[in-house]
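So the chains spell out like this:
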Amino acid sequence: MLRDILLKTMFRTNLDQVSAISRAISLPVPLTQELIDLARGQRLVEATGTMHANSGNEMSYQLTDGGKGRALDALSQSEYYGAIPVPLAQYAEQVRHQSIRDIRLTREALLEGMGGLILPPELLGNLGPAVTSGRSILMYGPPGNGKSSISHGIRKAIGDKVYVPRAIEYAGQIISVYDPIVHSAAESVTDDPNCLRRTSNRYDQRYVRCERPSVITGGELSLDMLDLAYNPVSRTYQAPLQLKATGGIFIIDDLGRQAEPPQKIVNRWIVPLEESRDILALQSGEKFTVPFDTLVIFSTNFHPNEIFDGAALRRIFFKIKIDGPNQEMFLKIFAMVARKRKMPLDERALMHLLKVKYPTIGMNFANYQPTFLIDQMIAICEFEGIPYQMTPDLIDRAWSNMFVRQEAIAH
């Protein structure tokens, strides 16, 4: 397999020097040279006998006619070329070394990860043990109170690096794992070319050093997104979302808005959550297990008893209610947002908001409302060409866009 990936890479990229080929297939130069020598012994590769002016005295190689034929034959079986995949057993060992369950999060780190969010101390006290355990979390409560923002804050608080394989291999099948959309590659350090000893990036280049991954799905989540995706054209597999999230966080937002019922979605997670392993299937129907090392966060606006049975709830380790703020916290959030947006506070407008507007909705405060109201007033001020200001009239106009009046529409 290694030899065929070498041939396919040379065929597809036209690389002809060992140093360039080694970077393409993510193997050290001595191992790459060993593969090339093996292919030369089989008359699949030949030395061209010439050196480029800027090659640094490197010998150049090219595929023989037999090598091109073998590359085409290998490409007909699988279009994959480039980085050598990591065997599944080796990948499982690496996952154990960088497990999300080894994270030890302090209250200060969690608070810093939340950024500007104003949260009650008891909420942080509940979130901290949940994250540190690496077990599943269900966050529920009324909409607009920061469940999604808290999920993002958890990811920022964790904040260290993991190694994500470019691809893994099982039973001769190659599964692409590294995804630039999901994985944020950490900055790499380049050695000084005049340095005698290599000091940077001293790790297996078949992996990419990344921030701990964070996969976020919402109403678009379907169960087939949690299975291996086979590409019949390239004849390779793409890792499912939860495998890409290994070592990081998988956030299922707006649970209850998906096409499949929430109970069915949670049922799919029973084995992974309980046994720290997931079961995937190849096109042939053969099933195999992969490590499951992911902090799963379910977030919903529904009460858990409405969408889950007792067995499902028992398997979700932490259940945390995210409620709306009280009036004091609401005013703190309002003042903080106004300061950030450079909107001057006005006592008369605030009293109008608290004494006239909020009683109409039973004094139900939500965390999203300060930002919504202030941004509405800013938009009005910019349109009218007046300085940013807060008045009862602007409060009324902003409020009218926050809720839709219940009425019959004539058709």
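Predicted model only: the values in this text are computed from it and were never measured. (Residues numbered from 1 in each chain as written. Predicted model: local features only at pLDDT ≥ 70, side-chain atom pairs only at ≥ 80, totals over all residues. Heavy atoms only, no water.)

Here we look at the overall build of the protein
Stated formally: Here a helix means four or more residues in a row that DSSP labels H or I, a strand means two or more in a row labelled E, and each is numbered from the N terminus. Radius of gyration here is computed from C-alpha atoms only, and the compact-globule reference equals 2.2 Å multiplied by the residue count raised to the power 0.38. Using a 1.4 Å probe on the protein chains alone, a residue whose accessible area is under 20% of its type maximum counts as buried, one over 50% counts as exposed, and one in between counts as partly exposed. Contacts between residues were defined by any pair of non-hydrogen atoms, one from each residue, lying within 4.5 Å.
The helix and strand inventory of the protein stands at 17 helices and 16 strands. Rg of the C-alpha trace for the protein: 28 Å, well past the compact-globule value of 22 Å for 411 residues, more than 25% over. Sorting the 411 residues of the protein into buried and exposed places 46% on the buried side. In the protein, of all internal contacts separated by at least 6 residues, the share reaching a separation of at least 24 is 72%.

Notes on the nonpolar core
What counts is decided by this rule: We call a set of buried residues a nonpolar core when its members are Ala, Val, Leu, Ile, Met, Phe, Trp, Tyr or Cys and they connect through side-chain atoms within 4.5 Å of each other.
In this structure, Phe334, Leu353, Tyr358, Leu373, Ile374 and Met377 are the most contacted members of the largest nonpolar core, which totals 25 residues. Those elements giving two or more residues to this core turn out to be α14 (327-340), α15 (347-357), α16 (369-384) and α17 (392-400). Excluding residues that lie within four positions of it along the chain, Met377 makes contacts with Phe334, Met343, Met390, Leu394, Ile395 and Ala398.

Looking at the pattern of salt bridges
Stated formally: Salt bridge criterion: a side-chain nitrogen from Lys or Arg within 4 Å of a carboxyl oxygen from Asp or Glu.
Going through the model one piece at a time under the given rule, you end up with 17 salt bridges. Note that Glu211 is salt-bridged to Lys161, the shortest N-O span being 3.6 Å. Of this pair, Glu211 sits in strand β8 (residues 207-211) while Lys161 is found in strand β5 (residues 161-165), placing the two residues 50 residues apart along the sequence. The salt bridge partner of Asp323 is Lys321, with a shortest N-O separation of 3.3 Å. In this structure Asp323 comes out as partly exposed when scored by relative accessible area, which is 44%.

Brief notes about helix α3 (residues 29-41)
What counts, and what does not: Multiplying 1.5 Å by the residue count of a helix minus one yields the expected span of that helix. Each direction from the helix axis to a C-beta atom contributes to the arc, which is the arc of those directions.
End to end, α3 covers 18 Å across 13 residues, agreeing with the expected 18 Å (1.5 Å per residue, within 8%). Taken residue by residue, α3 has Thr32, Leu35, Ile36 and Ala39 as its buried positions. The arc enclosing the buried residues of α3, seen along the axis, measures out at 100 degrees, which places them on a common side. Exposed side of α3, more than 90 degrees from the buried face: Pro30, Glu34 and Gly41 are the residues found there. Within two residues after α3, Arg43 carries a phi angle of roughly 60 degrees, on the positive side.

So, the sheet that holds strand β7 (residues 173-176)
Stated precisely, the cut-off is as follows: Any two strands are treated as partners once DSSP identifies two or more bridges connecting them.
Spatially, 5 strands are ordered β3-β6-β7-β11-β10 in an open sheet, and the strand pairing comes out mixed. Each having just a single partner strand, β3 (86-87) and β10 (229-231) make up the two edges of the open sheet. Both β3 and strand β6 (residues 167-170) contribute to a ladder of 2 bridges, which runs parallel. Among the inter-strand pairings, Pro87 is bridged to a residue of β6, identified as Glu169.

Some words on the pairing of strand β15 (residues 295-300)
Of all 6 residues in β15, 6 are buried, a share of seventy percent or more. Residue alternation in β15 divides its side chains into two sets, Leu295, Ile297 and Ser299 and Val296, Phe298 and Thr300, and both sets are buried. Pairing of strand β12 (residues 249-252) with β15, which is carried by 4 bridges, proceeds in the parallel orientation. Paired with Ile249 across the bridge in β15 is Leu295.

What to know about the side chain of Asp179
Tracing the backbone through its elements, the reader meets Asp179 in the loop between β7 and β8. Among the residues examined, Asp179 registers a relative accessible area of 14% and is labelled buried.

Structural notes on the side chain of Thr236
Mapped onto the elements, Thr236 comes out in strand β11 (residues 236-238). A residue is classified by how much of its surface remains accessible, and Thr236, at 11% relative accessible area, is buried. Ignoring sequence-local partners within four residues, the contact set of Thr236 consists of Ser78, Tyr80, Ile174, Ala229, Tyr230 and Asn231.

Observations concerning the environment of Asp253
Our working rule: Contacts described as polar in this section are N or O atom pairs within 3.5 Å, which, within protein, must combine one atom able to donate a hydrogen with one able to accept it, while residues neighboring in sequence count only if both atoms come from side chains.
Looking at where Asp253 falls in the secondary structure, it is placed in the loop between β12 and α10 (262-268). Residues Asp253 and Gln17, spaced 236 residues apart in sequence, show a C-alpha to C-alpha distance of 48 Å. For Asp253, the residues in contact, after removing those within four places along its chain, are Ser148, Thr217, Gly218, Gly219, Gln258 and Ser299. A polar contact is formed between the side chain of Asp253 and the side chain of Ser299, at a distance of 3.3 Å.

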